[in-house]
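Per-entry structural report
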Amino acid sequence: MRVLMVNGSAKASGCTARALREVGETLQKEGIEYEIYQLGGDPIKDCTGCGACRKTGKCIFKDPDLTEFLEKAEKADGFVFGTPVYYAHPSGRILSFLDRVFYSAGSLFKGKPGAAVCSCRRAGEVCSMDVLNKYFTINAMPIASSTYWNGVHGSTAEQVEMDTEGLQTMRNIGHSMANLLKNENRAVMETGNRTDFIR
Ligand SMILES: Cc1cc2nc3c(=O)[nH]c(=O)nc-3n(C[C@H](O)[C@H](O)[C@H](O)COP(=O)(O)O)c2cc1C
């Protein structure tokens, strides 16, 4: 089994990466592989709602091209979306990316467990977690829960290292995700009743 993580920070070795690694190492101890997909620092195009993906199944924008990520997502069994907190919300970077991913290929995620991870200097992790959780709840994805809000604190990875409670919360996300992945009994949901004029 394999969990695909997204680092919504431009920093590949920053606080969010450190938090994701703690979840990942717990998954490894549970016999589950993980990979962190780095969004990096290049500009990420926002969804414009053009609707082209509704006809072709593919987002027309190439910055970045979603193909590589979607190939990984198709093979993945679970997901962790990590973000730094910017003004008490997830980074614009991860929202632009996930809007395009889910609008063009949401079916790849259906029924697979997900968890949000947020990193902040001081506050805003709860609001950010709420936003990321909505990608899961609209896609019948069970949410891997933890023992406190899904956040670590710090401005650098070294400071996150000192947030022992935050890191414990991350490890418990890993245990919770492993438990969901090993449990075969998932809800069977109805599909095919989309009301186009509402969404
Ligand atoms: C534009 C911007 C806005 C931020 N807003 C907040 C905030 O609302 N609350 C907070 O606690 N930290 C805030 N921070 C600090 C980051 O969330 C924090 O340093 C985070 O751990 C950085 O993660 P990273 O190293 O993975 O990028 C902000 C940082 C930036 C650059």
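Before reading on, note that the structure itself is shown above.
Residues numbered from 1 in each chain as written. Predicted model: local features only at pLDDT ≥ 70, side-chain atom pairs only at ≥ 80, totals over all residues. Heavy atoms only, no water.

Digging into the pairing of strand β5 (residues 114-120)
- Extensive coverage of β5 is indicated by the burial of seven of its seven residues.
- Both faces of β5 are covered, namely the face carrying Gly114, Ala116, Cys118 and Cys120 and the face carrying Ala115, Val117 and Ser119.
- Here strand β3 (residues 78-86) runs beside β5; their pairing, made up of six bridges, is parallel. Bridging from a neighbouring strand, proline 84 pairs with serine 119 of β5.
- Note: β5 against strand β6 (residues 151-153), three bridges, orientation parallel. Residue cysteine 118 lies in a different strand from β6, and its bridge partner there is glycine 151. (Buried < 20%, exposed > 50% of the residue type's maximum accessible area, 1.4 Å probe, protein only. Helix = DSSP H or I, 4+ residues; strand = E, 2+ residues; numbered from the N terminus. Pairing = 2+ DSSP bridges.)

Concerning the pattern of salt bridges
- The final tally for this structure, using the stated rule, is nine salt bridges.
- The salt bridge involving glutamate 35 is made with lysine 72; its shortest N-O contact spans 2.8 Å. With glutamate 35 in strand β2 (residues 33-38) and lysine 72 in helix α3 (residues 67-75), this pair connects stretches of sequence that are 37 residues apart.
- When its relative accessible area of 24% is taken as the criterion, lysine 72 is described as partly exposed.
- One connected set of salt bridges, linked through shared partners, spans Arg2, Glu33, Glu35 and Lys72. (Salt bridge = Lys/Arg side-chain N within 4 Å of Asp/Glu carboxyl O.)

A short note on the nonpolar core
- Ranked by internal contacts, the top residues of the largest apolar core, which has 30 residues, are Phe69, Phe81, Phe97 and Phe109.
- At the level of elements, β1 (2-7), α3, β3, α4 (92-105), β5 and α5 (125-137) are the ones that each hand at least two residues to this core.
- With six residues, the top contributor of residues to this core is α4.
- Leave out the neighbours within four places in its chain, and phenylalanine 109 touches Phe69, Ala73, Phe79, Phe81, Val101, Phe102, Asn139 and Met141.
- By size, the runner-up hydrophobic cluster in this structure holds 22 residues, among which are Ile32, Tyr34, Val160 and Leu167. (Core = buried A, V, L, I, M, F, W, Y, C linked by side-chain atoms within 4.5 Å. Contact = heavy atoms within 4.5 Å.)

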